Amino acid sequence: MNTERLRNAGAMLAKAARYAVQHPLGFIVKIAALLRGCWYAVYFFALSRGSVTIKLPLLAYDTLSITGPGRVTIGRNCSIYKNTFSGLRIVTLSPEAGVSIGKNCALGGITIRCRRNVEIGEKSITAYSLVQDALFAEPGNVRNKFDVTDLVSAGTVYIGSNVWLGGQAIILDQTVIQKDSVVSWGAVCRKQEVGEYSLAFGNPIMKPYSITQIMKFQR
Amino acid sequence: MVTDMIAGLRGWLFMRVSGMTKKNIQIGRGLRLYKKLEIQGPGRVIIGEGCTIRGAQGDPGQYVTLYTHSEGATITIGRNAALCAARMSAKFSISIGDDFFAEEAGIADTDFHSLDRDRGVPQTEDENKCAVMIGNRVSLGARSIVTKGVRLGDDVIIAPGSIVNKNIPDACYAMGNPAKVVQEFK
């Protein structure tokens with residue numbers, strides 16, 4: 001077991017050395033991103049008094065901002081890429097809010113506003129999109145004459161593993177996206193479930209197609 | 001607590017300075033500025049009492065913009081409005097009732113360009129066709145857009161990401177592109 005681990009570490013080091021020789025500039029950028037990720041982990045851990053945990057390594061090519069009193073966990077080996085606007089923004093709007101992001105995610109441009117619970121599985125890819133687990137981030141400003149507490153109250157968002165969130169997609173409350181699915185450009189989901197390995201599109205989303213069927217159709 | 005006081009002070013200062021320097025802006029008492037408010041253009045802008053200006057949650061780059069693109073343009077906002085990074089562009093008129101709430105939403109009463117190949121000033125637009133009227137107690141969700149010539153009734157809630165291009169009646173919840181009524185309140 002120990003020897004195997006040593007061998008793996010050796011292989012990784014050899015790979016890194018080869019990368020450094022072949023692409024020296026890319027290597028420097030990657031090291032800078034790693035250091036930036038370390039700094040973010042320490043900074044947010046110290047600032048939030050323990051409610052934010054970021055597991056290392058985190059490759060931060062762009063900015064990460066976490067605000068609010070809730071819990072936030074980011075798994076190991078995530079990377080924050082440059083996107084249309086700045087990197088990853090997480091806002092927790094209440095003390096009981098919880099955001100958890102799995103390992104090996106590629107996050108870029110996404111804004112997460114959470115009042116109750118947002119969960120993103122491992123290996124997910126995101127573009128410039130919005131995940132908000134309620135209709136409004138500040139429901140105190142909604143002064144409707146009728147009783148709309150049901151509509152405005154927060155739900156939970158579950159995004160499974162290996163999900164691809166397209167650009168300008170909006171994921172609202174009570175949405176479940178199962179693993180291996182794709183949410184297309186500009187789709188808006190609310191109170192809907194997208195099944196395993198299917199494509200969701202439209203605003204509001206139509207009945208999701210199974211991707212296996214689409215692949216058959218393409219051939 | 002301190003931020004509220006600072007916002008109140010900022011709003012008072014903004015009101016005084018804009019009242020002295022610009023004749024076309026009229027702002028009611030009790031304005032609170034948590035974020036920058038930008039008013040541009042030659043048209044008239046009227047903001048009622050007790051309005052709050054905020055930024056988008058978690059997006060420090062965005063702020064509220066009220067732009068007028070012609071001499072006769074008017075933007076009227078009623079009392080107790082809460083604008084969170086809302087953006088408005090008026091060429092004719094945008095009139096909004098009391099207790100309005102917009103979160104990262106946009107309102108425009110013009111297309112800015114014509115459909116011709118030269119992309120010039122649109123000739124077919126006029127005030128009767130393009131004025132946007134919004135009733136009382138309306139809430140607009142994040143990244144939603146209200147286009148020209150739309151009337152929204154009272155007590156309407158528009159979901160995030162929806163694009164409103166048809167009239168919406170009173171007391172309902174609408175979503176989608178184009179926005180359709182999903183639920184009616186009773």
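The rules we used
Residues numbered from 1 in each chain as written. Chains lettered and ligands numbered in written order. Predicted model: local features only at pLDDT ≥ 70, side-chain atom pairs only at ≥ 80, totals over all residues. Heavy atoms only, no water. Helix = DSSP H or I, 4+ residues; strand = E, 2+ residues; numbered from the N terminus. Buried < 20%, exposed > 50% of the residue type's maximum accessible area, 1.4 Å probe, protein only. Areas by Shrake-Rupley, 256 points an atom, 1.4 Å probe, with all protein chains shown as cover. Lys, Arg positive; Asp, Glu negative; His and termini not counted. Charge placed at Lys NZ, Arg CZ, Asp CG, Glu CD. Core = buried A, V, L, I, M, F, W, Y, C linked by side-chain atoms within 4.5 Å. Contact = heavy atoms within 4.5 Å. Salt bridge = Lys/Arg side-chain N within 4 Å of Asp/Glu carboxyl O. Phe/Tyr/Trp six-rings, centres within 6.5 Å; stacked < 30°, edge-to-face > 60°. Lys NZ or Arg CZ within 6 Å of the ring centre and 35° of its normal. Polar contact = N/O pair within 3.5 Å; in protein donor to acceptor, adjacent residues only side chain to side chain. Pairing = 2+ DSSP bridges. Buried area = accessible area lost by both parts, 1.4 Å probe. Axes fitted to C-alpha atoms, helices over the stretch in contact; angles between N-to-C directions. Parallel < 35°, antiparallel > 145°, perpendicular 65-115°, else oblique. Nonpolar A, V, L, I, M, F, W, Y, C, P; charged D, E, K, R; others polar.

Re the overall build of chain A
- Helix and strand counts for chain A come out as four helices and 21 strands.
- Overall, chain A is about 65 × 55 × 35 Å in size when its C-alpha atoms are taken along their principal axes.
- By the burial criterion, 44% of the 219 residues in chain A qualify as buried.
- Surface accessibility of chain A: about 11,700 Å² in total, with carbon and sulfur atoms responsible for 59%.
- If you average the places of the 25 positive and of the 13 negative side-chain charges in chain A, the two averages end up 8 Å apart.

Points about the nonpolar core
- Grouped together as the largest cluster of nonpolar side chains are 41 residues, with contacts concentrated most on Leu-66, Met-88, Phe-100, Ile-107 and Leu-140 of chain B.
- Discounting chain neighbours no more than four positions away, the residues touching Leu-140 of chain B are Phe-136 of chain A together with Phe-100, Phe-101, Ala-102, Glu-103, Ala-105, Ile-107, Val-146, Leu-152 and Ile-158 of chain B.
- In this structure, Phe-44, Ile-101, Ile-110 and Val-194 of chain A belong to the second largest nonpolar core, which totals 39 residues.

Structural notes on the environment of Ile-101 of chain A
Residue and element names in this part refer to chain A.
- Secondary-structure assignment places Ile-101 in strand S7 (residues 98-101).
- Separated by 19 residues in sequence, Ile-101 and Ile-120 have C-alpha atoms that sit 4.7 Å apart.
- If sequence neighbours within four positions are ignored, Ile-101 has contacts with Thr-73, Ile-74, Gly-75, Cys-78, Ile-90, Leu-107, Ile-112 and Ile-120.

Here we look at the pattern of salt bridges
- Here the structure, examined in full by the defined rule, presents 11 salt bridges over all chains.
- Salt-bridge contacts for Arg-54 of chain B lead to Glu-138 of chain A; the nearest nitrogen and oxygen are separated by 3.7 Å. Here Glu-138 of chain A lies in the loop between strand S12 (130-132) and helix H3 (149-152) and Arg-54 of chain B lies in strand S5 (residues 52-54), a pairing that spans two chains.
- What makes Glu-138 of chain A buried here is its relative accessible area of 12%.
- Of the charged contacts in the structure, one is a salt bridge between Arg-190 of chain A and Asp-173 of chain A, with a shortest N-O distance of 3.0 Å. A residue pair is termed long-range when its members are at least 10 positions apart, and Arg-190 of chain A in the loop between strand S18 (188-189) and strand S19 (193-194) and Asp-173 of chain A in the loop between strand S15 (170-171) and strand S16 (175-177) qualify at 17 residues. Both residues of the pair, Arg-190 of chain A and Asp-173 of chain A, belong to the buried class.

Overview of the packing of aromatic side chains
- With the rule as written, the count across this model stands at seven aromatic pairs over all chains.
- On the numbers, 5.2 Å between centres and 70 degrees between planes, the contact of Tyr-43 of chain A with Phe-44 of chain A is edge-to-face.
- Ring pairing ties together the aromatic residues Trp-39, Tyr-40, Tyr-43 and Phe-44 of chain A, which thus form one cluster.
- Above the ring of Tyr-34 of chain B, the side-chain terminus of Arg-54 of chain B is found at 4.4 Å from the ring centroid.

Considerations on the side chain of Asp-133 of chain A
All names here are of chain A.
- Topologically, Asp-133 is positioned in the loop between S12 and H3.
- Although Asp-133 is buried, it forms no salt bridge, and the closest oppositely charged side chain is Arg-115 at an N-O distance of 5.9 Å.
- Here the side chain of Asp-133 touches Arg-115 through a polar contact of 2.8 Å, landing on its backbone nitrogen.
- What Asp-133 contacts, discounting residues up to four positions off in sequence, is Arg-113, Cys-114, Arg-115, Arg-116, Asn-117, Val-118, Ala-154, Gly-155, Val-157 and Asp-173.

A short note on the sheet that holds strand S15 (residues 145-146) of chain B
All names here are of chain B.
- As summarised here, the arrangement of the six strands in space is S3-S6-S9-S12-S15-S18, forming an open sheet in which the pairing is parallel. What marks the edges here is a single partner per strand, and that holds for strand S3 (37-40) and strand S18 (163-164).
- Of the strand pairs in this sheet, strand S9 (residues 87-90) and strand S12 (residues 106-108) are connected by three bridges, and their pairing is parallel. Note on S12: the bridge partner recorded for Ser-89 is Ala-108.

Side note on the interface of chain A and chain B
- Each side of the interface is counted separately: chain A has 28 residues, and chain B has 35 residues.
- Summed over both partners, the interface of chain A with chain B comes to about 2,600 Å²; 58% of that surface belongs to carbon and sulfur atoms.
- Together, Phe-136, Glu-138 and Arg-143 of chain A form the three largest contributors to the area buried by chain A at its contact with chain B, with a combined 23%.
- Where chain A meets chain B, there are four salt bridges.

Side note on the pairing of strand S4 (residues 71-74) of chain A
Residues and elements named next belong to chain A.
- Residue alternation in S4 divides its side chains into a buried set, Val-72 and Ile-74, and an unburied set, Arg-71 and Thr-73.
- One ladder, built from four bridges, connects S4 with S7; its direction is parallel. Residue pairing for S7: Arg-71 is matched across the bridge by Gly-98.

Regarding the packing of helix H1 (residues 2-22) of chain A against helix H2 (residues 24-47) of chain A
Residue and element names in this part refer to chain A.
- At a minimum axis distance of 5 Å, the contact between H1 and H2 shows a crossing angle of 125 degrees. The angle between the axes of H1 and H2 places the two elements in the oblique class. Residues Ala-16, Tyr-19, Ala-20, Val-21 and Gln-22 of H1 form the contact with H2, whose own contacting residues are Pro-24, Gly-26, Phe-27 and Lys-30.
- Its residues placed into classes, the contact of H1 with H2 shows six nonpolar, two polar and one charged.

Here's the deal with the sheet that holds strand S4 (residues 44-47) of chain B
Residue and element names in this part refer to chain B.
- Reading across the sheet, the six strands line up as S1-S4-S7-S10-S13-S16 and stay open at both edges, with parallel pairing between neighbours. Each edge of the open sheet is held by one strand with a lone partner, namely strand S1 (25-27) and strand S16 (151-152).
- With four bridges connecting them, S4 and strand S7 (residues 74-77) associate as parallel partners. Paired with Ile-46 across the strands is Thr-76, a residue of S7.

Geometric values such as these leave the question of function open.
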